[in-house]
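Commentary on secondary and tertiary structure
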Amino acid sequence: MLPFAALGQSATTAAPRYSHAGVPAPTAEDLAVVKPEWYTELVQRVFPCNLPYKDIRHYSACLRVFLSLQPPFDPARREHFGERYDPAKYYECRRNGRPNEGHCERLILRRRESPETWPHHVGKPAPIKWPEAPRESVYRPGMSALEYWRALCKAEAGEFIYRTVPGVTAIYQVRPRAKEPGLALGDRYVMEDPYGYIEAESGTLDNIPWFVAGP
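We now turn to the structure provided with this report. (Residues numbered from 1 in each chain as written. Predicted model: local features only at pLDDT ≥ 70, side-chain atom pairs only at ≥ 80, totals over all residues. Heavy atoms only, no water.)

Looking at the nonpolar core
Defined as follows: Here, the term nonpolar core denotes a set of buried Ala, Val, Leu, Ile, Met, Phe, Trp, Tyr and Cys residues that are joined through side-chain atoms within 4.5 Å. Note on exposure labels: buried denotes an accessible area under 20% of the residue type's maximum, exposed denotes more than 50%, and partly exposed covers the range between, all computed with a 1.4 Å probe on protein chains only. Numbering of helices and strands runs from the N terminus, with a helix taken as a DSSP run of H or I at least four residues long and a strand as a DSSP run of E at least two residues long. In what follows, residue pairs with any heavy atoms lying within 4.5 Å of each other are defined as contacts.
Counting 22 residues, the largest nonpolar core has Val 34, Tyr 39, Cys 62, Phe 66, Leu 67 and Tyr 90 as its most contacted members. Elements that contribute at least two residues to this core include exactly helix H2 (59–67) and helix H3 (87–96). At seven residues, the largest contribution of residues to this core is made by H2. With near-sequence residues (within four places) excluded, Leu 67 lies in contact with His 20, Val 23, Pro 87, Tyr 90, Tyr 91 and Ile 108.

A closer look at the packing of aromatic side chains
Keep this limit in mind: Only the six-membered ring of Trp is used, alongside the rings of Phe and Tyr, when aromatic pairs are assigned; centres must lie within 6.5 Å, and planes under 30 degrees apart are stacked while those over 60 apart are edge-to-face, with the rest tilted. The rule is short: NZ of Lys or CZ of Arg within 6 Å of the ring centre and within 35 degrees of the ring normal puts a charge over the ring.
This structure, assessed with the given rule, holds four aromatic pairs. Measuring from ring centre to ring centre gives 4.9 Å for Phe 81 and Tyr 85, while their planes differ by 65 degrees; the resulting arrangement is edge-to-face. The residues Phe 81 and Tyr 85 share a single accessibility class, namely buried. On the basis of an interplanar angle of 85 degrees and a centroid distance of 5.3 Å, the ring pair of Tyr 139 and Tyr 148 is categorised as edge-to-face. According to the relative accessible area criterion, Tyr 139 is partly exposed, its value standing at 40%. Overall, the relative accessible area of 31% leaves Tyr 148 in the partly exposed class. Each member of the aromatic cluster is reached from another via a ring pair, and the members are Phe 73, Phe 81 and Tyr 85. The ring of Tyr 189 carries Arg 78 above its face, with NZ or CZ at 3.9 Å from the centroid.

Topic: the state of the cysteines
Put plainly, a disulfide is one covalent bond tying together the sulfur atoms of two cysteines. Defined as follows: For the purposes of this analysis, a disulfide is any pair of cysteine sulfur atoms at a distance within 2.5 Å.
Under the definition given, this model contains two disulfides. Here Cys 49 connects covalently by a disulfide to Cys 62, the sulfurs 2.1 Å from one another. Judged by the torsion about the S-S bond (-85 degrees), the Cys 49/Cys 62 disulfide is left-handed. Note that Cys 49 is positioned in the loop between helix H1 (28–33) and H2 and Cys 62 in helix H2, a separation of 13 residues in sequence. Like Cys 62, Cys 49 is buried. Once the disulfide-bonded cysteines of the protein chain are ranked by sequence position, their pairing pattern turns out to be 1-2, 3-4.

Quick look at the structure:
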């Protein structure tokens, strides 16, 4: 499972949207021969363009199409791109290595958004009104790292209870965590909430998040 923008593309090859210095734009022939399933998420596919032997001649074309769907790095959205995100370096890494090597994937990691997913039988409720963030910084000159951490916990951390419902024996995740590749665990930007991440918790079943049984 990989955090690529190409996930969820339609059954036909998507039109190129982006260009990157050092990466040739896909040609009309590339778009005609490259199949979306070569670069979209499949259960058995470890990374994009890991092609079957019979299709290996289209390897470079697949890379060009795949990278034309990846946006350029946006400094204004730093946390949405991997620490080493660089489509051009990714292209060179994949071109110079063996097609079935996956160490290049750290160069194309991006954050996968976790949208709200409500049960089919429940309409989306009114938006949750979050408590206002502190208006002033809690940092004071001369604070040690530990003192600053404690001040942040006291001022900004905590649980925010929206509604209490009695007699419930399960927890429903409105924003279930997506399954992430191993390389994402070593990147400080890719995962929105890495704390406590386990694969058994992530994923969806028929577009409904897993239920975690209570005591």
